[in-house]
Amino acid sequence: MIMMTILGDLNCVCLKKACSKLKAPKKFYPGMNLKQLITKRTRKTANTESLLDVTLVSPNLIVQDSGIIHRGISDHSVVFVKN
């Protein structure tokens, strides 16, 4: 049984369904049987909110918790996964 975790910064506004950069990843996720854990914004500026960071896991991977932690030192949030 193969278990996979992929973490990355897509530099694409993943909260917008019309983002053209999402076409390839959205085809990749199901083909590799992966699930995106992070669904809330990971970056906030005065003008925008974006989900830039992805965390993809195999469905057979046991994940106890995942999410984001907002800190005031950066406009990017910390992304975490606890197995």
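Here the structure is a predicted model, which is why all the values come from computation and not from measurement.

### What about the overall build of the protein?
Link 1 in the chain: What the protein contains, in helices and strands, is one helix and seven strands.
Link 2 in the chain: Ordered by position from N to C terminus, the α and β elements of the protein give β-α-β-β-β-β-β-β.
Link 3 in the chain: Of the contacts made within the protein by residues no fewer than 6 positions apart, 52% connect residues no fewer than 24 positions apart.
Link 4 in the chain: Accessible surface, the protein as shown: approximately 5800 Å² in total, 56% of it carbon and sulfur.

### Side note on the sheet that holds strand β1 (residues 5-9)
Link 1 in the chain: Spatially, the three strands line up as an open sheet ordered β1-β5-β2, and their pairing is antiparallel. Every other strand in the sheet has two partners, leaving β1 and β2 (35-36) as the edge strands with one partner each.
Link 2 in the chain: The pairing of β1 with strand β5 (residues 53-57) spans five bridges and is classified as antiparallel. Following the sheet pairing, T5 is matched in β5 by V57.

### Considering the confidence of the model for the protein
Link 1 in the chain: Across the protein, the average pLDDT comes to 80, with 84% of residues at 70 or higher.
Link 2 in the chain: Ranking the elements of the protein by mean pLDDT puts helix α1 (residues 23-31) last, at 74, and strand β6 (residues 65-69) first, at 91.

### Observations concerning the pattern of salt bridges
Pairs can form between side chains of opposite charge once their charged atoms are near each other.
Link 1 in the chain: In this structure the tally under the stated criterion is three salt bridges.
Link 2 in the chain: Measuring nitrogen to oxygen at the nearest pair gives 3.8 Å for the salt bridge that ties E49 to K44.
Link 3 in the chain: For E49, a relative accessible area of 43% corresponds to the partly exposed category.
Link 4 in the chain: One network of salt bridges, with partners in common, ties together R41, K44 and E49.

### Some details on the side chain of D53
Link 1 in the chain: Its place among the elements puts D53 in strand β5.
Link 2 in the chain: No salt bridge is formed by the buried D53; the nearest opposite charge belongs to R43, separated by 8.2 Å.
Link 3 in the chain: Separated by 2.9 Å, the side chains of D53 and T42 make a polar contact.
Link 4 in the chain: Not counting the four nearest positions on each side in its chain, D53 is found in contact with G8, D9, Q36, I38, T42, H76 and V79.

### Brief notes about unusual backbone geometry
Link 1 in the chain: With a phi close to 60 degrees, N33 is a non-glycine residue in the positive phi region.
Link 2 in the chain: By the secondary structure assignment, N33 is in the loop between α1 and β2.
Link 3 in the chain: According to the relative accessible area criterion, N33 is exposed, its value standing at 51%.

Cut-offs applied
Residues numbered from 1 in each chain as written. Predicted model: local features only at pLDDT ≥ 70, side-chain atom pairs only at ≥ 80, totals over all residues. Heavy atoms only, no water. Helix = DSSP H or I, 4+ residues; strand = E, 2+ residues; numbered from the N terminus. Contact = heavy atoms within 4.5 Å. Areas by Shrake-Rupley, 256 points an atom, 1.4 Å probe, with all protein chains shown as cover. Pairing = 2+ DSSP bridges. pLDDT = per-residue confidence, 0-100. Salt bridge = Lys/Arg side-chain N within 4 Å of Asp/Glu carboxyl O. Buried < 20%, exposed > 50% of the residue type's maximum accessible area, 1.4 Å probe, protein only. Lys, Arg positive; Asp, Glu negative; His and termini not counted. Polar contact = N/O pair within 3.5 Å; in protein donor to acceptor, adjacent residues only side chain to side chain.

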